[in-house]
Amino acid sequence: MNTKSDTAGQTMKTASAGRNRTRRGLIKRVGAGAAVLGVLFATGFTSTAQAATPSASVAPSTPNLPPGDTSNGADNFYTSDSVTVQKVSFKNQYRMNVAGNLFVPKNLNRRAKNPAMVVGHPMGAVKEQSANLYATKMAERGFVTMSLDLSFWGKSDGRPRNAVSPDIYAEDFSAAVDFLRTQTFVDKERIGAIGICGSGSFVISAAKIDPRIKAVATVSMYDMGAANRNGLRKSVTLEQRKDILKQAAQQRDVEFAGGQTEYTSGTPEQLNDNSTPVEREFYDFYRTARGYSPNTTTHPTLTSNVKFVNFYPFADIETISPRPMLFITGEKAHSREFSEEAYRLAGEAKELVVVPGAGHVDLYDRVNLIPFGKLTTFFRNNLK
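Residues numbered from 1 in each chain as written. Predicted model: local features only at pLDDT ≥ 70, side-chain atom pairs only at ≥ 80, totals over all residues. Heavy atoms only, no water.

The next thing to look at is the overall build of the chain. Looking only at helices and strands, one finds 11 helices and 14 strands in the chain. Relative to its full complement of 384 residues, the chain shows a buried share of 62%. Of the roughly 15,200 Å² that the chain leaves accessible, carbon and sulfur atoms contribute 48%. (Helix = DSSP H or I, 4+ residues; strand = E, 2+ residues; numbered from the N terminus. Buried < 20%, exposed > 50% of the residue type's maximum accessible area, 1.4 Å probe, protein only. Areas by Shrake-Rupley, 256 points an atom, 1.4 Å probe, with all protein chains shown as cover.)

Next comes the structure, spelled out in structure tokens:
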């Protein structure tokens, strides 16, 4: 383990070479610490029934939001005068329209072939939350970048809304690569990807079967499979997992018969005296002006969320080698275990960066903490 500094002056530790019975009764038994979606599944669990319509939403509609904590340069909605932004749409292999934003440096030599990358948003979020920020910052550094809404979220296709499908999420990354490879100013052989939170596990899943993704970086990664099977720090027992699966199966019967769609987990809509530090961390981003978007709720459907139990993104992660991988996590991040496990299992070349003092959500938007210098060096060196 050695220590480096990025161009923003941040000191980083770097290692080179980790859901009536009632339903709410179950939630309490699961306990704090079982995290799903890159948000809470335990004491932060939200169980909300809605009419089964594509526009069902449990997000607050009031525009009078608290400002949130904008320390350390939090700037989720950052824009740049040196970057052009174009809304784009393309189809994945399931013929679903995927919505994206294409960011191009204004001084880009469009007659040349330039390196590019895809940026994925946190699980349950949309591209306007964190992904656009990363894409803009990396475009300022000379890369052609694209943020995208994963299928079933934001402006991308998919019914029911907020459905979980890890396979399709991974496909969306490859479809974005398809699109980038058709741009005359993009070098087909120099395309990388950044996955933030849950998208970190989806981009790994994509890279395992898509060698066109030449370099992978993850930030505050969640292994969405392990988080749902085991919870944080393996706090969910097998019995608890089976109870969750039973409830989801029972809810399938309800919805098949025309009943209401039920949503699970996600960021709480309100805080109270019993709210946990992790709940408060997510609330401060998703439910305040700091990171709020009207196009997301963070709550997936209960019946589809259990599909994560069958999701093993780290299986065969070593086969991505020799393509390089960079895992960035916060020193205080509750999700740190996932980046460390991925680093342990990955083949060379690999690197683990731990940002001192940073929590999980800090690395969504706090530009004074996010090691953009490290990301720039990583992709410049590996998308040659």
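A few words now on the pattern of salt bridges. A side chain of one charge can pair with a side chain of the opposite charge if their charged atoms are brought near each other. Using the criterion set out here, one finds 15 salt bridges in the structure. Between glutamate 340 and arginine 336 there is a salt bridge, with its nearest N and O atoms 2.7 Å apart. Taken together, the residues span about one helical turn, with glutamate 340 and arginine 336 both in helix H9 (residues 336-345) at a distance of four residues. Judged by its relative accessible area of 32%, glutamate 340 is partly exposed. A salt bridge links arginine 366 to aspartate 362, with the shortest nitrogen-to-oxygen separation between them at 2.7 Å. Across the pair, aspartate 362 and arginine 366 agree in class, each one buried. Salt bridges sharing partners connect three or more residues here, namely Asp69, Asp362 and Arg366. (Salt bridge = Lys/Arg side-chain N within 4 Å of Asp/Glu carboxyl O.)

Before going further, it helps to spend a moment on the pairing of strand S14 (residues 350-355). A large share of S14 lies buried, amounting to six of its six residues. Covered by surrounding structure in S14 are Lys350, Leu352 and Val354 together with Glu351, Val353 and Val355, the residues of both alternating faces. The pairing of strand S13 (residues 325-330) with S14 spans six bridges and is classified as parallel. Considered in S14, the bridge of phenylalanine 327 is made with leucine 352. For the handedness criterion, the β-α-β arrangement of S13, H9 and S14 is classed as right-handed. (Pairing = 2+ DSSP bridges. Right-handed = clockwise from strand over helix to strand, strands pointing away.)

Bringing the side chain of serine 335 into the picture now. Among the structural elements, serine 335 can be located in the loop between S13 and H9. At 2.6 Å, the side chain of serine 335 and the side chain of histidine 360 are in polar contact. (Polar contact = N/O pair within 3.5 Å; in protein donor to acceptor, adjacent residues only side chain to side chain.)

Judged by nonpolar contacts, the single largest core of 95 residues is most densely connected at Tyr134, Ile194, Phe327, Leu375 and Phe379. Once residues within four sequence positions are removed from consideration, isoleucine 194 is found in contact with Met117, Val118, Val119, Gly120, Tyr134, Met138, Phe173, Ala217, Val219, Leu375 and Phe379. (Core = buried A, V, L, I, M, F, W, Y, C linked by side-chain atoms within 4.5 Å. Contact = heavy atoms within 4.5 Å.)

Turning our eyes to something else, we now look at the environment of glycine 195. With respect to the helices and strands, the residue glycine 195 is situated in strand S10 (residues 186-196). In this structure glycine 195 comes out as buried when scored by relative accessible area, which is 0%. The sequence separation of glycine 195 and methionine 221 amounts to 26 residues, and the corresponding C-alpha distance is 7.4 Å. Apart from the residues within four sequence positions on either side, glycine 195 is in contact with Gly120, Gly200, Val203, Ala217, Thr218 and Val219.

Among the residues of H9, Phe338, Ser339, Ala342 and Tyr343 are the ones counted as buried. Looking straight down H9, one finds its buried side chains confined to an arc of 135 degrees; they lie on one side. (Arc of directions from axis to C-beta.)

Turning our attention to the packing of aromatic side chains. What the rule picks out here adds up to 13 aromatic pairs. Arranged with centres 6.4 Å apart and planes meeting at 20 degrees, the rings of phenylalanine 282 and tyrosine 286 form a pair that is stacked. You can see phenylalanine 282 and its partner tyrosine 286 sitting in helix H7 (residues 277-286), four residues apart, about one turn around the helix. Each member of the pair phenylalanine 282 and tyrosine 286 is classed as buried. The cationic tip of arginine 229 hangs over the ring face of tyrosine 312; the distance from NZ or CZ to the ring centre is 3.7 Å. Over the ring of tyrosine 343 we find lysine 350; its NZ or CZ atom is 4.7 Å from the centre of that ring. (Phe/Tyr/Trp six-rings, centres within 6.5 Å; stacked < 30°, edge-to-face > 60°. Lys NZ or Arg CZ within 6 Å of the ring centre and 35° of its normal.)

With that settled, the discussion passes to the environment of threonine 376. By the secondary structure assignment, threonine 376 is in helix H11 (residues 372-382). On the basis of relative accessibility, which here comes to 5%, the residue threonine 376 falls in the buried class. When the C-alpha atoms of threonine 376 and alanine 139 are compared, they prove to be 10.0 Å apart, with 237 residues separating the residues in sequence. Only 3.1 Å separates the side chain of threonine 376 from the side chain of arginine 141, close enough to count as a polar contact.

Between helix H2 (residues 131-140) and H11, the shortest axis-to-axis distance is 10 Å and the interhelical angle comes to 60 degrees. With respect to H11, the element H2 is oriented oblique. Crossing of H2 over H11 shows right-handed handedness. Counting all contacts with H2, which are made through Tyr134, Lys137 and Met138, the residues of H11 involved are Phe372, Leu375, Thr376 and Phe379. Here the contact of H2 with H11 is composed, by residue class, of five nonpolar, one polar and one charged. (Axes fitted to C-alpha atoms, helices over the stretch in contact; angles between N-to-C directions. Parallel < 35°, antiparallel > 145°, perpendicular 65-115°, else oblique. Left-handed = near helix turned anticlockwise from the far one by under 90°. Nonpolar A, V, L, I, M, F, W, Y, C, P; charged D, E, K, R; others polar.)

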